[in-house]
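As a plain string of letters, each chain reads:
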Amino acid sequence: MPSRNAGDRPKTGEEALKWLKVGNARYVKSLTDPEHPVPARHELISEQDPFAIILGCSDARVPVEIVFDQGLGDLFVIRVAGNVVAPSQIGSIEFAVEKFGTRLVVVLGHSHCGAVTACVEALMNPEQNYTTNLQSIVDRIRPSVYNLHELATAKGGEVDKQELIDSSISANVRMSVSQLKHASRLLEDMNRTGELLIVGAEYNLDTGEVEFLPM
């Protein structure tokens, strides 16, 4: 995969679409490259067998398969801004658990998360306005941030915004893990009996390391 220089990016939607088409053409060509074969691609056409489900953030800097160095068919990835839990994500996880027998769910947050930052900014500045749909994401993150914000303001003085964001990222991951453990009868029962493991983790953009949170 060729790297691009900083600042080198398409200026319009049409240019971006062309980049995707060219990139896919490179990918298709690589499939027949004997020096860089893509393993098991043909076997995956009719079925898949992912060993882990990852509920991650949509952030373009956190490509899940690359972060965990996994290939085609290895991970069942669900990405949404702020790695929040909503019915569609729960249903996707249930599907993978039942259809593929996948027994691990990882909620993957990351440093410098824009969605969590937006929630912190909304608490620190109530006049902040977001679109209705973006506000719905902020509202899902808010419960994990609110108590931390209240604790910070109760101490008096100015709130350290970056410290609050960092703490909120971890709190948001833990909240999503807790929600998944009680999100549906299927997930709750399997987690209780030990058939399904649900854990939280944070990806560090600075180091590339993933730290798994204590269970």
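As a reminder, the structure under discussion sits directly above these lines.
The sections below set out a description of the structure shown in this document. (Residues numbered from 1 in each chain as written. Predicted model: local features only at pLDDT ≥ 70, side-chain atom pairs only at ≥ 80, totals over all residues. Heavy atoms only, no water.)

## Considerations on the sheet that holds strand 1 (residues 52-56)
Two orientations exist for strands paired in a sheet by backbone hydrogen bonds: parallel and antiparallel.
Here's step 1: Taking strand neighbours across the sheet as the criterion, the five strands line up as 2-1-3-4-5 in an open arrangement whose pairing is mixed. Only two strands of the sheet have a single partner each, and these edge strands are strand 2 (75-79) and strand 5 (210-212). Put simply, the sheet's adjacent strands are angled 25° from each other on average, direction ignored.
Here's step 2: Pairing of strand 3 (residues 104-110) with strand 4 (residues 197-203), which is carried by seven bridges, proceeds in the parallel orientation. From the neighbouring strand, His110 faces strand 4, where its bridge partner is Tyr203.
Here's step 3: Lying over the sheet, helix 3 (residues 87-100) contacts strand 1, strand 2 and strand 3, oriented at roughly 170° with respect to strand 2.
Here's step 4: Strands in contact with helix 6 (residues 161-181) are strand 1, strand 3 and strand 4; relative to strand 4, the strand with the most contacts, it is inclined by about 165°. (Pairing = 2+ DSSP bridges. Helix = DSSP H or I, 4+ residues; strand = E, 2+ residues; numbered from the N terminus. Axes fitted to C-alpha atoms, helices over the stretch in contact; angles between N-to-C directions. Contact = heavy atoms within 4.5 Å.)

## Some details on the environment of Glu195
Here's step 1: By the secondary structure assignment, Glu195 is in the loop between helix 7 (185-193) and strand 4.
Here's step 2: We classify Glu195 as partly exposed; its relative accessible area is 43%.
Here's step 3: Separated by 113 residues in the primary sequence, Glu195 and Gly82 place their C-alpha atoms 27 Å from one another.
Here's step 4: The residues contacting Glu195, other than those within four sequence positions of it, are Arg103 and Met190.
Here's step 5: Polar side-chain contacts of Glu195 include one of 2.8 Å to the side chain of Thr193. (Buried < 20%, exposed > 50% of the residue type's maximum accessible area, 1.4 Å probe, protein only. Polar contact = N/O pair within 3.5 Å; in protein donor to acceptor, adjacent residues only side chain to side chain.)

## Some words on the pairing of strand 3
Here's step 1: Across the seven residues that make up strand 3, a large majority, six, are buried.
Here's step 2: Pairing geometry for strand 1 and strand 3, over four bridges, is parallel. In the strand pairing of strand 3, Leu55 is matched with Val107.

## Topic: helix 6
Here's step 1: End to end, helix 6 covers 30 Å across 21 residues, agreeing with the expected 30 Å (1.5 Å per residue, within 8%).
Here's step 2: All of the buried residues in helix 6 are Leu164, Ile165, Ser168, Ile169, Ser170, Ala171, Asn172, Val173, Met175, Ser176, Val177 and Leu180.
Here's step 3: Of the residues flanking the start of helix 6, the one acting as N-cap is Asp160, its side-chain oxygen 3.2 Å from the backbone nitrogen of Gln162. (Expected span 1.5 Å × (residues − 1).)

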